[in-house]
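Each chain is listed here by its residues.
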Amino acid sequence: MKKRIVASVVSLSLAVLGGAGAGSASAAAAGKTVSVVDNAFQPRAIRVQKGSRVKWVHKGSNPHTVTANSGAWDESLSPGETFSRRFKKKGRFPYHCEIHSGMTGVVKVVA
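Computed from a predicted structure; not experimentally measured.

Student: Talk me through a positive patch on the surface; I want residue IDs and the actual numbers.
Tutor: On the surface, a cluster of positive charge is contributed by K32, R47, R92 and K108. When you line up the elements, K108 lands in strand 9 (residues 104-110). Residue classification places K108 among the partly exposed positions, given a relative accessible area of 38%.

Below, the structure is given as structure tokens:
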């Protein structure tokens, strides 16, 4: 009985997601992760599809911020914390750490 319920849930999930294949919109919206380590964003530059989510994961020991150069977002991160943002428009979105001036990155969003 349990196996049938699990199989039904999986089938329903795949139907709702449209299969979530490598080329699907659902897969594109899955996004990418940037590691925030002591005094660096890794990778420093990422490229994502429009509608994707970027997640920053603080893996270092010093406090940092993820701050858009435009002022569109500003998030403080302590060790172990995460921050994510969906990018709905095509463009280039540079960001930095307010605490460490040389710590910069960019999200490039393509159609």
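Student: For the sheet that holds strand 4 (residues 53-58), give the residues involved together with the corresponding values.
Tutor: Strand order in the open sheet formed by four strands is 2-1-4-7, and the pairing between neighbours is mixed. Each edge of the sheet is formed by a strand with only one pairing partner; in this case those strands are strand 2 (40-42) and strand 7 (82-86). On average, adjacent strands in this sheet sit at an angle of 20° to one another, irrespective of strand direction. Where strand 4 meets strand 7, five bridges bridge the pair, whose relative direction is antiparallel. By the bridge assignment, W56 is partnered in strand 7 with F83.

Student: Which residues make up a negative patch on the surface, and what are the values?
Tutor: On the surface, D74, E75, E81 and E98 cluster together into a patch of negative charge. Inspection of the secondary structure assignment puts E81 in the loop between strand 6 (74-77) and strand 7.

The rules we used
- Residues numbered from 1 in each chain as written.
- Predicted model: local features only at pLDDT ≥ 70, side-chain atom pairs only at ≥ 80, totals over all residues.
- Heavy atoms only, no water.
- Patch = residues over 30% accessible without salt bridge, like charges linked within 9 Å, V, L, I, M, F, W, Y side chains within 5 Å.
- Areas by Shrake-Rupley, 256 points an atom, 1.4 Å probe, with all protein chains shown as cover.
- Salt bridge = Lys/Arg side-chain N within 4 Å of Asp/Glu carboxyl O.
- Lys, Arg positive; Asp, Glu negative; His and termini not counted.
- Charge placed at Lys NZ, Arg CZ, Asp CG, Glu CD.
- Helix = DSSP H or I, 4+ residues; strand = E, 2+ residues; numbered from the N terminus.
- Buried < 20%, exposed > 50% of the residue type's maximum accessible area, 1.4 Å probe, protein only.
- Pairing = 2+ DSSP bridges.
- Axes fitted to C-alpha atoms, helices over the stretch in contact; angles between N-to-C directions.

Limitation: the analysis is restricted to geometry and does not speak to function.
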